[in-house]
Amino acid sequence: AEEVGGGDKEVVKEYFNNSGFQRWKKIYGETDDVNKVQLDIRLGHAKTVENVMKMLTDEGSLEGVTVCDAGCGTGCLSIPLAKQGAVVTASDISAAMVAEAEKQAREELLSGKDDGLPAPLMPKFEVKDLESLDGKYHTVVCLDVLIHYPQSKADGMIAHLASLAEKRLILSFAPKTFYYDLLKRVGELFPGPSKATRAYLHAEADVERALQKVGWRIRKRGLITTQFYFAKLVEAVPA
Ligand code: SAM
């Protein structure tokens, strides 16, 4: 479904407001009604979130640091960021995702708190595609979103995200290597019913080039893999 209707973005938005929302809410959740593949992806993604939190906190406290979580999904990153005192702006192209993220944030950050500590600041949630985000943030993070776009679109998205960031930009994407490309091709021979959107792999060199073009350099890299989940993580800073 590469350029159907309004192109990738419309297809992606429709997917994440409907079947994709149901599928990913389950994967990113905690319930037992997941199959083996979904459970594996849940664990892989949780590792990515953990790695990002470590990358961020290694550089110092997040108290009062402004963070833009672009393509926030159900809030898997926004919520732990808020718990660390970050001032989070979380947005997603899918209204269903934003509503779910907001609900989970209320449950985890506000209700039933009896620890006597001040309540964390609720993230500010917005339904917005990342291309139309504006403002300036100390840190911009965009996890597992680029997989929905070909490199030709990813370049512009990366440039825009970098323009919103003052100090650092963290991106994760599915790496295009010979091995993963092969795996993906094999996977495409057996299309499952819920894999409704195309997945695009990105070569690390292409992502790096897109960053360099707008004056950023990669400072840290990480790779997260489980059986069915793989993500390359990069932290970029102004060059
Ligand atoms: N970043 C979240 C995480 O790691 O938990 C969610 C990842 S999920 C695989 C991809 C998310 O990107 C979906 O919630 C989808 O709606 C969102 N998305 C896709 N294209 C987008 C765009 N152009 N702008 C903003 N969000 C987008």
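As the structure is a computational prediction, the values presented were derived from the model and not from experiment.

K.L.:
I would appreciate a short explanation of the site of the ligand in the present structure.
P.N.:
Close contacts around the ligand come from 21 residues, with His45, Gly71, Asp92, Leu143 and Tyr149 the closest. Gly71 places a main-chain nitrogen or oxygen 2.6 Å from a nitrogen atom of the ligand. Backbone polar atom of Ile93 to a nitrogen atom of the ligand: 3.3 Å apart, as the coordinates give it. In isolation the ligand exposes 600 Å². Once the protein is present, 99% of that is buried. Partitioned by chemical class, the residues of the shell around the ligand number eleven nonpolar, five polar and five charged.

K.L.:
Sorry if this is basic, but what is going on with the packing of aromatic side chains here?
P.N.:
Here the distance between the centres and the angle between the planes together describe a pair of aromatic rings. For the structure on display, the rule yields two aromatic pairs. Consider the rings of Tyr15 and Phe16, whose centres lie 4.9 Å apart with planes at 70°: the pair is edge-to-face. The two residues Tyr15 and Phe16 agree in class, both being buried. Their ring planes at 45° and their centres at 5.3 Å tell us that Trp24 and Tyr28 sit as a pair that is tilted. Of this pair, Trp24 and Tyr28 both sit in helix H2 (residues 19–28), four residues apart, which is roughly one turn of that helix. The exposure class of Trp24 is buried, given its relative accessible area of 15%.

K.L.:
Help me understand the packing of H2 against helix H3 (residues 36–58) in this model?
P.N.:
A pair of packed helices is captured by two measures, namely the crossing angle of their axes and the spacing between those axes. For the pair H2 and H3, interaxial distance at closest approach is 8 Å and the crossing angle is 65°. Judged by the angle between their axes, H2 and H3 are roughly perpendicular. The chirality of how H2 crosses H3 is right-handed. For the pair formed by H2 and H3, the contact residues are Arg23, Trp24, Lys26, Ile27 and Tyr28 on the first element and Gln38, Ile41, Arg42 and His45 on the second. Its residues assigned to classes, the contact of H2 with H3 comprises four nonpolar, two polar and three charged.

K.L.:
Teacher, can you tell me more about the sheet that holds strand S7 (residues 230–238) here?
P.N.:
Paired through their backbone hydrogen bonds, the strands of a sheet run either parallel or antiparallel. With respect to topology, seven strands assemble into an open sheet ordered S3-S2-S1-S4-S5-S7-S6, the strand pairing being mixed. The sheet is open, and its two edges are formed by strand S3 (124–127) and strand S6 (216–225), each paired on a single side. Averaged over neighbouring strand pairs, the angle between their axes works out to 15° when direction is ignored. Here S6 pairs with S7 via nine bridges, running antiparallel. The residue bridging Thr225 from the neighbouring strand is Phe230, located in S7. Contacting strand S4 (137–142), strand S5 (165–173), S6 and S7, H3 crosses the sheet at an angle of about 145° to S6. Strands strand S1 (66–70), S4, S5 and S6 of the sheet are contacted by helix H6 (residues 151–164), whose axis makes an angle of about 145° with S5.

K.L.:
Help me understand H2 in this model?
P.N.:
For an α-helix the count is 3.6 residues per turn, leaving residues at separations of three or four pointing the same way. Listing the buried residues of H2 in full gives Gly20, Phe21, Arg23, Trp24 and Ile27. Looking straight down H2, one finds that the buried residues subtend no more than 165° of arc, so they occupy a single side. Tucked inside the fold, the buried residues of H2 contact helix H1 (8–17), H3 and helix H5 (95–110).

K.L.:
Is there a simple way to think about the nonpolar core in this case?
P.N.:
What tends to happen in soluble globular proteins is that the nonpolar side chains get buried as a cluster. Formed by 65 residues in total, the largest nonpolar core has its most connected members in Leu81 and Leu161. Among all residues touching Leu161, those that are not within four sequence positions of it are Ala70, Leu130, Val140, Cys142, Leu169 and Leu171.

K.L.:
Looking at this structure, how should I read a nonpolar patch on the surface?
P.N.:
On the surface, a cluster of nonpolar side chains totalling about 540 Å² of accessible area is made up of Phe178, Tyr179, Leu182, Leu183 and Val186. Secondary-structure assignment places Phe178 in helix H7 (residues 178–189). Classification of Phe178 as exposed rests on a relative accessible area of 69%.

K.L.:
Would you take a moment to explain the state of the cysteines for this structure?
P.N.:
Structurally, a disulfide amounts to a covalent bond that connects the sulfur atoms of two cysteines. Under the definition given, this model contains zero disulfides. Cys142 supplies the cysteine sulfur nearest to Cys68, a cysteine that is in no disulfide, at a spacing of 8.4 Å. Classification of Cys68 as buried rests on a relative accessible area of 0%. Classification of Cys142 by relative accessible area gives buried; the value is 0%.

Definitions and limits used
- Residues numbered from 1 in each chain as written.
- Predicted model: local features only at pLDDT ≥ 70, side-chain atom pairs only at ≥ 80, totals over all residues.
- Heavy atoms only, no water.
- Near = heavy atom within 4 Å.
- Polar contact = N/O pair within 3.5 Å; in protein donor to acceptor, adjacent residues only side chain to side chain.
- Areas by Shrake-Rupley, 256 points an atom, 1.4 Å probe, with all protein chains shown as cover.
- Nonpolar A, V, L, I, M, F, W, Y, C, P; charged D, E, K, R; others polar.
- Phe/Tyr/Trp six-rings, centres within 6.5 Å; stacked < 30°, edge-to-face > 60°.
- Buried < 20%, exposed > 50% of the residue type's maximum accessible area, 1.4 Å probe, protein only.
- Helix = DSSP H or I, 4+ residues; strand = E, 2+ residues; numbered from the N terminus.
- Axes fitted to C-alpha atoms, helices over the stretch in contact; angles between N-to-C directions.
- Parallel < 35°, antiparallel > 145°, perpendicular 65-115°, else oblique.
- Left-handed = near helix turned anticlockwise from the far one by under 90°.
- Contact = heavy atoms within 4.5 Å.
- Pairing = 2+ DSSP bridges.
- Arc of directions from axis to C-beta.
- Core = buried A, V, L, I, M, F, W, Y, C linked by side-chain atoms within 4.5 Å.
- Patch = residues over 30% accessible without salt bridge, like charges linked within 9 Å, V, L, I, M, F, W, Y side chains within 5 Å.
- Salt bridge = Lys/Arg side-chain N within 4 Å of Asp/Glu carboxyl O.
- Disulfide = S-S within 2.5 Å.

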